[in-house]
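One letter stands for each residue in the lines below.
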Amino acid sequence: MPKVSDDRLAARRREILDGARHCFAEYGYDGATVKRIEESTGLSRGAIFHHFKDKEALFLALAQEDAERMADVAAEAGLVQVMRDVLAHPQDFDWLGTRLEIARKLRTDKSFRDAWLGHSADLEKATLDRLERGRASGRLREDVPTEVLVKYLDLVLDGLITRLATGQPTDDLHAVLDLVEESVRVSR
């Protein structure tokens, strides 16, 4: 039997992730049934779950990708820039609307919560590191602990995602993000 190349396996995994992302965005976490994921990817259940243990593992792989991408932006330009990217290109983040459903799962499913929190830790660490560098350079206010600022920015991100996911207007959110950014900086 011929051996499948690593490149082909990586391409198949990418194909599954892209199709699943679309499926989760369209149907939400609970509505993204295995049958719908099969239809969205154009692949069989066996092909999909050869790469991922189950639907949850597939979803968490997407969460990890996004956490890494956001952590890279947060480390380089800050969490407010992540929010600006989400606002500017919501189509690239539309599946994040499933976080509304995930909030319920986080509350009721301990194993899912543990896995989810593990995946979101990268973004929190990148944000904390960036804020600490900002504080060390004198750009960041010092009257509030860095950990509090991270939680504050995380809450704003959750609110932005909720607003986008529920179809609320976003016209004035650039000004809101300007205000958020100003609120963590040293007053000049």
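Residues numbered from 1 in each chain as written. Predicted model: local features only at pLDDT ≥ 70, side-chain atom pairs only at ≥ 80, totals over all residues. Heavy atoms only, no water.

Q: Outline the pattern of salt bridges, listing residues and values.
A: Inspection of every chain in the model, using the stated rule, returns 15 salt bridges. Here lysine 151 and glutamate 124 are joined by a salt bridge, their closest N and O atoms 3.8 Å apart. Highlighted residues: lysine 151 in helix α8 (residues 146–165) and glutamate 124 in helix α7 (residues 110–136), separated in sequence by 27 residues. Arginine 185 is the partner of glutamate 181 in a salt bridge, and the nearest nitrogen-oxygen pair spans 3.3 Å. Exposure remark for glutamate 181: the relative accessible area of 23% places this residue in the partly exposed category. (Salt bridge = Lys/Arg side-chain N within 4 Å of Asp/Glu carboxyl O. Helix = DSSP H or I, 4+ residues; strand = E, 2+ residues; numbered from the N terminus. Buried < 20%, exposed > 50% of the residue type's maximum accessible area, 1.4 Å probe, protein only.)

Q: Outline the environment of glutamate 142, listing residues and values.
A: Topologically, glutamate 142 is positioned in the loop between α7 and α8. With a relative accessible area of 61%, glutamate 142 lands in the exposed category.

Q: Explain the packing of aromatic side chains to me, using residue names and the numbers behind them.
A: Considering all chains together, one arrives at 7 aromatic pairs under this definition. Judged by centre distance (4.9 Å) and plane angle (80°), the ring pair of phenylalanine 24 and phenylalanine 59 falls under edge-to-face. Of this pair, phenylalanine 24 sits in helix α1 (residues 6–31) while phenylalanine 59 sits in helix α4 (residues 55–77), and the two are 35 residues apart along the sequence. Just as phenylalanine 24 is buried, phenylalanine 59 falls in that class too. (Phe/Tyr/Trp six-rings, centres within 6.5 Å; stacked < 30°, edge-to-face > 60°.)

Q: Run through the environment of glutamine 81, naming residues and quoting values.
A: By the secondary structure assignment, glutamine 81 is in helix α5 (residues 79–88). Here the alpha-carbon distance between glutamine 81 and leucine 177, two residues 96 residues apart in the chain, equals 8.9 Å.

Q: I'd like a rundown of α1, residues and numbers included.
A: The end-to-end C-alpha separation of α1 is 32 Å, well short of the 38 Å expected for 26 residues at 1.5 Å each. The largest bend along α1 reaches roughly 80° and is located at alanine 25. The set of residues buried in α1 consists of Ile16, Leu17, Gly19, Ala20, Arg21, Cys23, Phe24, Gly28, Tyr29 and Gly31. Taken together, the buried residues of α1 touch α2 (34–41), α3 (45–51), α4, α6 (99–108) and α7. (Expected span 1.5 Å × (residues − 1). Bend = angle between axes of the 7 residues up to and from the residue. Contact = heavy atoms within 4.5 Å.)

Q: Kindly report on the side chain of glutamine 64, identifying the contributing residues and their values.
A: Looking at the element boundaries, glutamine 64 is found in helix α4. Relative accessible area serves as the criterion here: at 17%, glutamine 64 is assigned to the buried category.

Q: Provide a residue-level description of the packing of α1 against α4, including the pertinent values.
A: For the pair α1 and α4, interaxial distance at closest approach is 10 Å and the crossing angle is 100°. The angle between α1 and α4 places the two elements in the roughly perpendicular class. The segment α1 lies against α4, with Arg13, Arg14, Ile16, Leu17, Ala20, Arg21, Phe24, Tyr29 and Asp30 engaging Lys55, Glu56, Leu58, Phe59, Ala61, Leu62, Glu65 and Asp66. Within the contact of α1 with α4, the residues separate by chemical class into 9 nonpolar, no polar and 8 charged. (Axes fitted to C-alpha atoms, helices over the stretch in contact; angles between N-to-C directions. Parallel < 35°, antiparallel > 145°, perpendicular 65-115°, else oblique. Nonpolar A, V, L, I, M, F, W, Y, C, P; charged D, E, K, R; others polar.)

As far as function goes, none of this settles anything; it's purely spatial.
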